[in-house]
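Notes for the structure review
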Amino acid sequence: MSAAPSPRSWPRPRPATWNSINFQASRDVFNLPGGPAQLGLGGEFRYEAVNDPALNPTNDAQGLGNARTIGNRTVASAFAELGMPVLDNVEVNVSGRYDHYSDFGGNFSPKIGVKYTPIKTVALRATVSKGFRAPSFSESGDSASQGFTNFSFANYPDFVAAHGGSEYTKTYSLSSITAANPDLKPEKSTSYTMGAVWAPTRNFSVSLDYYHIKKTDVIAQASAGDAIAAYYAGEAIPAGYVVTPDLPDPDAPNALPRILSVASPYINADSLRTSGMDLNVQNTMYLPADVKWTSELNATVLFDFKYTQGGVTYNYVGKQAPYVLSSGAGTPKYRASWSNTFTRGPATMTGTLNYVSGLRSIDESYVGDQTCLYGDADFKCHTKDFISFDLTGGYDVTEHTTVYADVLNLFDAGPMFNPANYAAVNWNPTYSQSGAVGRYFRVGVRLKY
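About the thresholds
Residues numbered from 1 in each chain as written. Predicted model: local features only at pLDDT ≥ 70, side-chain atom pairs only at ≥ 80, totals over all residues. Heavy atoms only, no water. Helix = DSSP H or I, 4+ residues; strand = E, 2+ residues; numbered from the N terminus. Buried < 20%, exposed > 50% of the residue type's maximum accessible area, 1.4 Å probe, protein only. Contact = heavy atoms within 4.5 Å. Polar contact = N/O pair within 3.5 Å; in protein donor to acceptor, adjacent residues only side chain to side chain. Salt bridge = Lys/Arg side-chain N within 4 Å of Asp/Glu carboxyl O. Patch = residues over 30% accessible without salt bridge, like charges linked within 9 Å, V, L, I, M, F, W, Y side chains within 5 Å. Areas by Shrake-Rupley, 256 points an atom, 1.4 Å probe, with all protein chains shown as cover. Core = buried A, V, L, I, M, F, W, Y, C linked by side-chain atoms within 4.5 Å. Disulfide = S-S within 2.5 Å. Pairing = 2+ DSSP bridges.

Here Thr284 shows up in strand β13 (residues 259-287). Under the relative-accessibility criterion, Thr284 is labelled buried at 18%. The contact partners of Thr284, leaving out residues within four places of it in the chain, are Asn203, Lys292, Trp293 and Thr294.

Examined against the element boundaries, Asp385 turns out to sit in the loop between β19 (382-383) and β20 (386-396). Taking the C-alpha atoms as reference, Asp385 lies 41 Å from Glu235; in sequence the two are 150 residues apart. Engagement of the side chain of Asp385 in a polar contact is seen with the backbone nitrogen of Gly358, the distance being 2.7 Å.

To continue, consider the pattern of salt bridges. Under the counting rule described, the total for this entry stands at 15 salt bridges. Glu364 serves as the salt-bridge partner of Lys319, at 2.9 Å between the closest nitrogen and oxygen. Of this pair, Lys319 sits in the loop between β15 (312-315) and β16 (334-344) while Glu364 sits in helix α4 (residues 364-367), placing them 45 residues apart in sequence. The same class applies to Lys319 as to Glu364, namely buried.

Further remarks concern the environment of Leu41. Its place among the elements puts Leu41 in strand β3 (residues 35-52). If we ignore the near neighbours within four places in the chain, the residues touching Leu41 are Phe23, Gln24, Ala25, Phe79 and Ala80.

This next bit is on a nonpolar patch on the surface. There is a patch of nonpolar side chains on the surface, built from Val94, Ile112, Val114, Val128, Tyr192 and Met194 and spanning about 460 Å² of accessible area. Listing elements by their share of the nonpolar patch, those giving two or more residues are β6 (105-119) and β10 (187-201). By the secondary structure assignment, Met194 is in strand β10.

Counting 22 residues, the largest nonpolar core has Phe151, Tyr172, Leu174, Ile228, Tyr232, Ile259 and Val262 as the members making the most contacts within it. Sorting the residues of this core by element identifies β9 (172-179), α3 (224-232) and β13 as the ones contributing at least two each. Of all the elements, α3 adds the most residues to this core, at five residues. Setting aside its immediate chain neighbours within four residues, Tyr232 contacts Phe151, Phe153, Tyr156, Phe159, Tyr172, Leu256, Pro257, Arg258 and Ile259. Among the nonpolar cores identified, the runner-up in size contains eight residues, and Val218, Ala220, Tyr307 and Tyr314 belong to it.

The next point concerns the state of the cysteines. For the coordinates displayed, the defined rule picks out one disulfide. Residue Cys372 pairs covalently with Cys381 via a disulfide, S to S 2.4 Å. Its S-S torsion of about 110° marks the bond between Cys372 and Cys381 as right-handed, since a negative value means left-handed. What makes Cys372 buried here is its relative accessible area of 18%.

All right, on to the pairing of β20 then. Of the strand pairs in this sheet, strand β17 (residues 347-356) and β20 are connected by 10 bridges, and their pairing is antiparallel. Looking at the pairing, Tyr355 lines up with Ile387 of β20. Across six bridges, the pairing between β20 and strand β21 (residues 401-408) is antiparallel. Bridged to Leu391 within β21 is Val407.

This is how it looks when you write it as structure tokens:
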């Protein structure tokens, strides 16, 4: 998605060719009561190409995934930014970007920001912007991707009964295939932020910002749950899906086979809305013996992460959802880190406390209701919070040489039990990787040239 400023994006990395030409220029254009207005102009032209053919095109190699991404296009962009100090305590920034994709056409993305400083120690700020993201080659080109998810039959007691509760009905790895869709439209977004900064001294500041982002025509994988539910209900598979049955159950050969794989297309879903608040607190103090202490707290709370598809809205906050993305990593409601750095001369030591809130192991968009993704009563369908502490230190031997020693996960916190995640066995590597590794020591030398 291209906007001003450039927003975050998360396409799957692929071998690619990127050839680009760009230019930028800026200058003062006229004077205002608060000072000179500054205008910046720029442009870019680039060629993008990906050629990553499938390694297992005919599924000859058992256990080897089958994914491919092929495509090419040209992109031309122009952008401008105008900073205007309209008064001594009011700044206005107006910017815009136009992008033209050879395969999806053009789009203009504007942004306006205002900063108001009523008193020297307080600043109020707000922005409103539009965004745009063209489909990637993996979403709209000659492409397909494959992943695996843990699937439980807890929601299908009739199927389990028909198979006599055999091993065939235990939790297994379901193949999930995502097919590219050449008819996709680009995503578009509208976002706004508002917040305040309080800095009563040079050594202390607090900032609090609220953000709200709404995307339309969101590019997403169609929910496999609809096709799965239709298959086990004996109904017609929805258009655009392909369900491939597994081999029959040896203990019940006449019963309905389980699903081997579900192929779901990329679609333009209705919308995705997310909102939250970010807090930053910084403080610097000078202690006896020439010790400088810098403390910084960063915390985020997620209010909404609502995804709407087919008129149905799912809120993913605090859940192990969306389950079909990021190996079931989930969407924690709270995240925070608190670091404290002590510096004396060439020596530095930092301790950082990390926190991620727990998750409820449910995803209505995947199983259709509040059923737990992992059917163990002892698990209670909840992954606990994860807390770890890192200690790092360094010493500048010379201007160009630093020796360092780190102890990551100092207190050897273990990963929280998370059996529903399918990127690892019984734990979540996205948020508790350091817990799986355990206490980790690292020493070394850094050289600057």
